[in-house]
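Read off the chains here:
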Protein chains: 2
Amino acid sequence: MSTSKKLPLNSILQGDCIELMNSLPEKSVDMIFADPPYNMQLSGELRRPDDSHVDAVDDHWDQFESFAVYDAFTEEWLAAAQRVLKDDGTLWVIGSYHNIFRVGAKLQDLGFWILNDVIWRKTNPMPNFRGTRFTNAHETLIWCSKDRNAKGMTFNYDALKVMNDDIQMRSDWLLPICSGGERLKVDGEKAHTTQKPEALLYRILTAATNQGDVVLDPFFGSGTTGAVARKLGRNYIGLEREEKYIKVAKERIRKVQPLSPENLEVTTSKRQEPRVPFGSVVERGLLSAGQVLFDSRKRYRARVRADGSLVASDISGSIHKVGARLQGASSCNGWTFWHFDAEGQSVSIDVLRQQVRAEMN
Amino acid sequence: MSTSKKLPLNSILQGDCIELMNSLPEKSVDMIFADPPYNMQLSGELRRPDDSHVDAVDDHWDQFESFAVYDAFTEEWLAAAQRVLKDDGTLWVIGSYHNIFRVGAKLQDLGFWILNDVIWRKTNPMPNFRGTRFTNAHETLIWCSKDRNAKGMTFNYDALKVMNDDIQMRSDWLLPICSGGERLKVDGEKAHTTQKPEALLYRILTAATNQGDVVLDPFFGSGTTGAVARKLGRNYIGLEREEKYIKVAKERIRKVQPLSPENLEVTTSKRQEPRVPFGSVVERGLLSAGQVLFDSRKRYRARVRADGSLVASDISGSIHKVGARLQGASSCNGWTFWHFDAEGQSVSIDVLRQQVRAEMN
DNA sequence: ACACGTGCTGAATCCGGAA
DNA sequence: ATTCCGGATTCAGCACGTG
């Protein structure tokens, strides 16, 4: 399967994603994250109860003549994706009820093998303003391997478990939508109508790739995949048709500070009986990997890693475990033991736990 | 459209659901809940970490030769369902990633119009024993109308909102799986491998049907739909091939104590209250022509004319139109916008509407 | 500095009956 | 089938301005 073509790592290629994927060497990428057009079929405008206007996704790239046209498009890009994927690679697709059933059926038809469907539950979805439906509060992701018999796909089970309070990570993920400072703007307007939150890609890349892996995003848009890939020490290849999105994405990714390799080490195998409800704080960016924690008397120090584990000299593990080991104690409540520096102030990480709980209600 | 056939209300018909649906009069049922075979493609047996055997769904009725066979089956039962459904009826289907994408695509192809997809999040899902996937912690439901232009579907928005602490019900529902005393047993073994929890049907029937409605379940199984329908004062029709399930279901439903009608009344929408024209308020002398109305902040004024229209400077028209025009809004609820002076107190004219309604019954 | 209120916004298939 | 119009309808998060 070797090929003379070299992969255009950490760059964005402009053009049609199907042609571009077909121009890349086959079996060359470790993971594909795809956020294709949803083919929303909106009719008329929508207003909030306060009579303000809802800025809908009515971009030309989301318009298809019929299901048949959308299906043909879906089949083409999925087939191209299957070709460039390594035999042990995986594909992630995100969508809503408008398109995800069609995408899911088509990828099964092509021989992809579904590993999980994952629900992104939004903490802050747009309500149903007319009171005629349930709040459309989630989107669906499909995670699949190249075919039924594929082996060796990356799944960092233990890292995800640590990120989730030492409980096996479920198929429903609660995360906020992309808003506030994270939302890219150009001249005060949304740079892209459907920018995804970095926390979502953070979890996906942590779960299904390793350092140095190649991640392809055929619908690159504002470049969330690239930004998170760079932060997490993965290589990205972005495909995008529109010049304006490429410009925004390049600028965005340039500003990303990659985490250092030692902070990217995640829990790989059986851990030593830890109790860790700390991963979501890191995932949500309330603390970042590399941050140094210390106890209230500043006798001990430890460093945060990407999966929410701590490292101090030759010890690593959950916030509880490391706290206990350092003190020579049999147990320790890491939440109250560890502190971080916030503008000169020593603040307990328990404050962050409150914050996450508040968000999760 | 009329037919001489009478509906077999509150009974279970034995046989093939497609034939049976086609034998029922068309446009005759208000809602269909369908829990079709998931077509799980299991290979080999599954064991827990303690080496105990997992009792998997390996029933003969869940086996299909290929996606094509499953799709053909899906198309047939969906088409039959579409036929028996009233024009303002809705269909609910539940499935997992094994089948739901195929079902969703097919129902879109048949012209059903998706209203929501709903995620049933399980509080107590079976873990992934191998540590190779995310915990498969949810199932997906699709709620759809008969076609894109369907109108008048039942959705008890206000009732659901009250059920959810006065916050609009979201598309993700957290409910336990069916276990414990609710789980039907025969000779100590599960009576049916995929029995659904009554709480799930309770929410669905409360949301999308009214008392006295006819609910059809083409894959009746152990009869959860029938049990909850009876409890909630809905009529059910169950279709089931297997004698053993019918026996269990009949016995189960017989034991159900229906709730009394007054306990079944749910919060209703303002939309369902009788319309009162503003003119009748004037007609009845609750307000008289010449009276001056104003908004709550007293920024706008208008005068009532004899026919129930308002005048403000050069604008005249209904209470709604004048309110909208004055504010520069696209619409306005005149009933809540306008106030009048009653002995120094500012009173909403909506009070007068209530008065008329009270007099009307 | 901190509390509080106001305003804006987010992948949305978002009304129904009478004329 | 199309138009008109009465009148019902929103949650969480963040930015910003005021006290």
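Residues numbered from 1 in each chain as written. Chains lettered and ligands numbered in written order. Predicted model: local features only at pLDDT ≥ 70, side-chain atom pairs only at ≥ 80, totals over all residues. Heavy atoms only, no water.

- An unreviewed UniProt entry annotates chain A as Methyltransferase of Sneathiella chinensis.
- On record in UniProt, under Sequence similarities (unreviewed entry), the comment for chain A is "Belongs to the N(4)/N(6)-methyltransferase family."
- A UniProt comment under Catalytic activity (unreviewed entry) is attached to chain A, and it reads "a 2'-deoxyadenosine in DNA + S-adenosyl-L-methionine = an N(6)-methyl-2'-deoxyadenosine in DNA + S-adenosyl-L-homocysteine + H(+)". (UniProt positions renumbered as here; feature names shortened; annotations may be inferred.)

Points about the sheet that holds strand β11 (residues 292–295) of chain B
Residues and elements named next belong to chain B.
Next up, step 1: One open sheet holds the six strands; their spatial order is β14-β13-β12-β11-β15-β16, and the pairing between them is antiparallel. At either end of the open sheet lies a strand with only one pairing partner, and these are β14 (315–317) and β16 (345–348). Going from strand to strand, the sheet's axes swing by 35 degrees on average, the running direction of each strand aside.
Next up, step 2: Note that strand β12 (residues 301–304) and strand β13 (residues 310–312) share two bridges and pair antiparallel. Among the inter-strand pairings, Arg 303 is bridged to a residue of β13, identified as Val 311. (Pairing = 2+ DSSP bridges. Helix = DSSP H or I, 4+ residues; strand = E, 2+ residues; numbered from the N terminus. Axes fitted to C-alpha atoms, helices over the stretch in contact; angles between N-to-C directions.)

Thoughts on the packing of helix α5 (residues 198–208) of chain A against helix α6 (residues 224–231) of chain A
All names here are of chain A.
Next up, step 1: With their axes 9 Å apart at the nearest point, α5 and α6 run at an angle of 55 degrees to one another. Taken together, the axis directions place α5 and α6 in an arrangement best described as oblique. Relative to α6, the crossing made by α5 is right-handed. On the side of α5, the interface is formed by Glu 198, Leu 201, Tyr 202 and Leu 205, while α6 contributes Thr 224, Thr 225, Ala 227, Val 228, Ala 229 and Lys 231.
Next up, step 2: Class assignment of the residues belonging to the contact of α5 with α6 gives a composition of six nonpolar, two polar and two charged. (Parallel < 35°, antiparallel > 145°, perpendicular 65-115°, else oblique. Left-handed = near helix turned anticlockwise from the far one by under 90°. Contact = heavy atoms within 4.5 Å. Nonpolar A, V, L, I, M, F, W, Y, C, P; charged D, E, K, R; others polar.)

Things to note about the UniProt feature "domain: DNA methylase N-4/N-6" (unreviewed entry) in chain A
Next up, step 1: The positions that UniProt labels "domain: DNA methylase N-4/N-6" (unreviewed entry) are, in the present scheme, residues 29–251 of chain A.
Next up, step 2: Between the end C-alpha atoms of residues 29–251 of chain A the distance is 24 Å, and the span holds 28% helix and 24% strand.

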